[in-house]
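What the coordinates show
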Amino acid sequence: MTRADLMDPALIASLGHVELTARWIVDGFMSGLHRSPRKGGAAEFAEHRAYYPGDEPRYVDWKVMARADRLVVKRFEEETNLRGTVVLDVSRSMRWRGSAKLDKREYAERLAAAVSLLFIRQRDAVGLVRFDDRIRSAVPPRAREGHWRRLVAALSEDSGGGATAGPAALARAAHAVGRRGMIVLISDLLLEPEELARAAAGLRAAGHQLVVLHVMDPAERELVDGPEAIYADPESELRVAVKPAEIRAAYSRTVERAIGEWRTTLAGSGASYATVMTDAPFGIPLRAAFAARERGR
Amino acid sequence: MSFLAPFALLLAAAAAVPLFLHLRRTRVTRRVEFPAARYLVRATREHERSLRARSSLLALLRVAIVLALAFAAARPLAPLGGGHGAAAVAVVLDDGPSGAAVREGRTVFDAHREAARSLLDRLGSDDRAWLVLASGPTIGGDVVRLRSALDTITVSLRPSDPSAALRRGARLASGASPLAPAVLVATDAQRSSWHTGEPVPREVAVAAFVPEGSPVPNAAVVAAEPVPLAWPGRGTVRTTVRAPRAGDSVAAIVRIDDRVVARATLGVGEGATGTVEIPVPSAPAGWSAGRVELPRDELAVDDSRWFAVFTGAAPGVEARAGDFAGSAVEALIGSGTLTAGSGTAIAYADLLELPVARRPALVTAPADPTRIGGANRGLARAGIPWRFGAERRGAARARGEGIGDADVLLRYALTPEMGARADTLATVGAEPWIVAGEGYVLVGSPLDTSATTFPITPAFVPWLARVVIGRVAVGAPRLLATRPGERVAAPVGVDAVAFADRVVAVRDSISVPDRPGVYFLTQGGRRVGALVANVDPEESDLSRLDDAALAERLGSHARIVHVPGQAADAALRGASRRPLGNALAALALLLVAAEAVAGGNAFTRRAAAPTT
């Protein structure tokens, strides 16, 4: 059976709403792991939850299996050892779509849902901050499975559409996480690198780990051909008249250089960075986030 | 470099369009929302120099594309490489009589032949060639065959037309595509031979070889005819001679049947020509061949001229066809050409009902239109197989030998009866106006000024004498003046022609031999006329066109040389100039590809336009 995390994101998105598709994605992702990522040692029992492929058999509660004829695994309080917050950019630029079938925000919302679910499956507490030029909504981190539905509901809000104010959102997320935790920023990063670098350095100083998933439409990376036109930034007064055919190659070089600068700048601030194309399967950014989580434990 | 279609160079002006588009300040109104505009701004700033250079390169490429296409359309020819490419060459040889002129021990035609040979020697198996003679024939085949044919070709005394031969050769050469077409004309540039005609296509390289030096001085007999046409025992020969200069005098002798019968010295006046009537005291009865001869000079073919004469009693004529015909007959009687008598009639057709019928007659339409019915009855009674038909009014020019500039105002359509066989002597439009048969000449109009201007033209009296003696009178001669090699219609009543060595039966036409001379026409073995073939008198005028005038007749792109060895190079220059049109079109394609690459259009998938 085809794994949903490796399928065309537009196709996955067309199959159902965010909650459903995020589950498929995470299920597919986890079934692809070689072994359960959990390393939870002995600790105080917290709750049972349904068994999912990838869970280690040693955590299966065989007594419940014998009584109720269903597979459940035991969860322990100590395993909820990471507090994370997904910080989602819902600015106007995220509503843009070029050559891909999903716009950046549609893609990012599904990715945020999947990341949250992945964390919760790993018994981490996850919260959500949505922002544009201000904080649009904030959900504090929790580890219970039911909390995820709250996150999905928050993702479904239609608010947003202003300019991008990333550093403020990151500060709010750090405040919500409280103690040392992990912050996943999902944004098209159409903001000033220096401000973000400063915010990232602040997070690092506070002991937080920052993962930046840079969402890009393929048409933002490779300029598509077309007649001469004025290209206008929807969030600012920036305008430039160009003939795509003439500037295409130079533009590609500039974008690659900018991506390199993001990577260098954020690495210097102790943050992880990955570009996410909106036509790429969700498994790719999910893996990046998961790898960062593993490093942060 | 030259161009086959130079007007296409005007297309080069279109090169201004990309230049203008490059230089003008663009006013773009289309707006596209693009979140990553900051990267576009940065790319523009970072690559400003290279973008500007690329934009200039693109403009340059586009200008070059337009120029390459314009030049390709102009079909340029340029000298490339050594030797010559495969060529289709027509060698036009002017073999007219003037080529027989001797200068410094060799004929002018020998120089023509040398130039032609120098070209044939340069041709190889990839080339095609033809020998096109101004006198008519065309010889094709491989180069070896043409070289040996060239050795056998001599000057022809037939009428020659080098202008027509040039166009024939050009058609042959240009029809052998893709070989480079070329024509070499070897000619003495005789002024009277060359005329302006249909232009030779520019893609045909035309070269002409004209022997160096001025024409040789030439004396010639340009006309010789018996006066009167039939001699009553004796007569004169009206002789016109051309001499090299005005004021010269020329000694001439007259031979009849190879016997010298008269001598004269002719003075030459203005125009270097002089005419005199040389008396001939006696001539044998019947038909004789005569010749006027001058001392031999550098061009021998025109030093003698043939004539034929019939010696016997002048025919008696009675004229009843109006005042003009009556006055003309009186004048001819006074000159001894005719006598007053009743043997031959000149009469209105309606008078044929009267006792003039059944005599040889020159018959005209009646002066009174109401007499047309009687005129047709008269034609029937006289056994003339023609009838007057519908009346035709309105001025029209008559055409016919010896008619001059006669206009016809009123005529009747001449309608043949079943089995009518006649010669048409003159026409008006497409209809016969004067016809001649056995013992009659029929004119479709009355001979007065209300119907035609013919009786008041200078040509009328000589014409009347010629037709009365040559066509109507009993036993009168039939004289046909022609040129060697021509084909002429056989006169009515002639059944054979006697050449020097044989007698040939005649049906509808006679092929005149290539040699000048007198050939007798016979009927039932009896001489009834003569065919007199002489070289065209215009051939005696050896004056030449200068190079500019000759080039005008050959085509403005023609090259003229005067040394035989240069003829081949001049003719084959077209083959060494290879067409660049295809190469330029290929270059334009390459430039288009380069433009596509430089412009970033090549192999670029056009994606959907960004939406917001």
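Because the structure is a prediction, the values reported are computed rather than measured. (Residues numbered from 1 in each chain as written. Chains lettered and ligands numbered in written order. Predicted model: local features only at pLDDT ≥ 70, side-chain atom pairs only at ≥ 80, totals over all residues.)

On to the overall build of chain A. For chain A, the helix and strand inventory stands at 10 helices and 10 strands. Relative to its 297 residues, chain A shows a buried fraction of 47%. Restricting to contacts in chain A with at least 6 residues of sequence separation, those with at least 24 account for 75%. (Helix = DSSP H or I, 4+ residues; strand = E, 2+ residues; numbered from the N terminus. Buried ≥ 20, exposed ≤ 12 C-beta atoms within 10 Å, placed from the backbone. Contact = placed C-beta atoms within 7 Å.)

Turning next to the overall build of chain B. What chain B contains, in helices and strands, is 13 helices and 36 strands. Summarising the internal contacts of chain B: among those between residues at least 6 apart in sequence, 70% fall at separations of at least 24.

Taken together, the contacts link 34 residues of chain A with 34 residues of chain B. Contributions of two or more residues to the side of chain A that touches chain B are made by α8 (218–221), β8 (229–232), β9 (239–242) and α9 (244–268) of chain A. Ranked by residues supplied to the side of chain A that touches chain B, first place goes to α9(A) with 10 residues. Of the residues in the side of chain A that touches chain B, the class split is 21 nonpolar, five polar and eight charged. As paired elements, β8(A) and strand β2 (residues 31–33) of chain B share three bridges and run parallel to each other. Across the sheet, residue A:Tyr231 finds its bridge partner in β2(B), namely B:Val32. (Nonpolar A, V, L, I, M, F, W, Y, C, P; charged D, E, K, R; others polar. Pairing = 2+ DSSP bridges.)

Quick look at the sheet that holds strand β9 (residues 180–186) of chain B now. Residues and elements named next belong to chain B. Across the sheet, six strands lie side by side as β8-β7-β4-β9-β10-β35; this open sheet has mixed pairing. The outermost strands of the open sheet, each flanked by one partner alone, are β8 (138–141) and β35 (559–561). On average, each strand axis in the sheet is tilted by 20° relative to the strand beside it, whichever way the strands run. Inspection of the sheet shows strand β7 (residues 128–133) paired to β8 by four bridges, in the antiparallel sense. Looking at the pairing, Trp130 lines up with Gly140 of β8. Along the sheet, helix α5 (residues 143–152) contacts β7 and β8; its crossing angle with β7, the most-contacted strand, is approximately 25°. (Axes fitted to C-alpha atoms, helices over the stretch in contact; angles between N-to-C directions.)

Attention now goes to the confidence of the model for chain A. Regions with low pLDDT should not have their predicted coordinates read in detail. Considering every residue of chain A, the mean pLDDT works out to 81; 87% of them sit at 70 or more. With pLDDT under 50 throughout, residues 34–42 of chain A is counted as low confidence; its partners more than four residues away or in other chains account for 13 contacts. (pLDDT = per-residue confidence, 0-100.)

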